[in-house]
Amino acid sequence: MQKEKFMIYRRDAQKGTSTYSPKPHTAPHFAGRYVEGMEDWASWYCFNKKDDGTYEAELDEAWNEGSHYGGGTINVDIPKEWFALSYDEFLNHVIRLAAASHYGFTVDDLKAKEGLKEFFGFK
């Protein structure tokens, strides 16, 4: 169960909203090998604070499978030990969770999100 959600990105967000990004957040499709001309995309990217006080990274990925979309949601717990790091070090670790860096998300993208530092409990 989750308590709070902090949205970083939504693919369908309108320009000017907090979850909009001019970046496409796509990656080549890999099915045992890269499939030429086929791309995966991030539908959304967020962080969740669960009822027990722990946090997780969440990214929903999708790709075209003809008449429908394939994909799924990746949820990865953020290790408690990482909260003892500096905020910059923490972000350098967190960006590698849930395939975020694979879809072009960067530490600078996270640093630009107003309120994220406080959401994670950093001063």
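See the structure printed just above.
Residues numbered from 1 in each chain as written. Predicted model: local features only at pLDDT ≥ 70, side-chain atom pairs only at ≥ 80, totals over all residues. Heavy atoms only, no water.

### Things to note about the pattern of salt bridges
Enumeration over the complete set of coordinates arrives at five salt bridges. Residue Glu-58 is joined to Lys-5 by a salt bridge in which the shortest nitrogen-to-oxygen separation is 3.6 Å. Taken together, the residues span a long stretch of sequence, with Glu-58 in strand β4 (residues 55-64) and Lys-5 in strand β1 (residues 2-10) at a distance of 53 residues. What makes Glu-58 buried here is its relative accessible area of 7%. Ionic pairing is found between Asp-77 and Lys-50, a salt bridge with its closest N-O pair at 2.8 Å. Of this pair, Asp-77 sits in strand β5 (residues 69-77) while Lys-50 sits in strand β3 (residues 34-50), and the two are 27 residues apart along the sequence. Classification of Asp-77 by relative accessible area gives partly exposed; the value is 47%. (Salt bridge = Lys/Arg side-chain N within 4 Å of Asp/Glu carboxyl O. Helix = DSSP H or I, 4+ residues; strand = E, 2+ residues; numbered from the N terminus. Buried < 20%, exposed > 50% of the residue type's maximum accessible area, 1.4 Å probe, protein only.)

### Considerations on the nonpolar core
Ranked by size, the top nonpolar core spans 28 residues in total, and within it Tyr-45, Phe-47, Phe-105 and Phe-120 carry the most contacts. Mapped onto this core, the elements with two or more residues apiece are β1, β3, β4, α1 (87-94), α2 (107-111) and α3 (116-119). Among the elements that take part in this core, α1 stands out by supplying four residues, more than any other. (Core = buried A, V, L, I, M, F, W, Y, C linked by side-chain atoms within 4.5 Å.)

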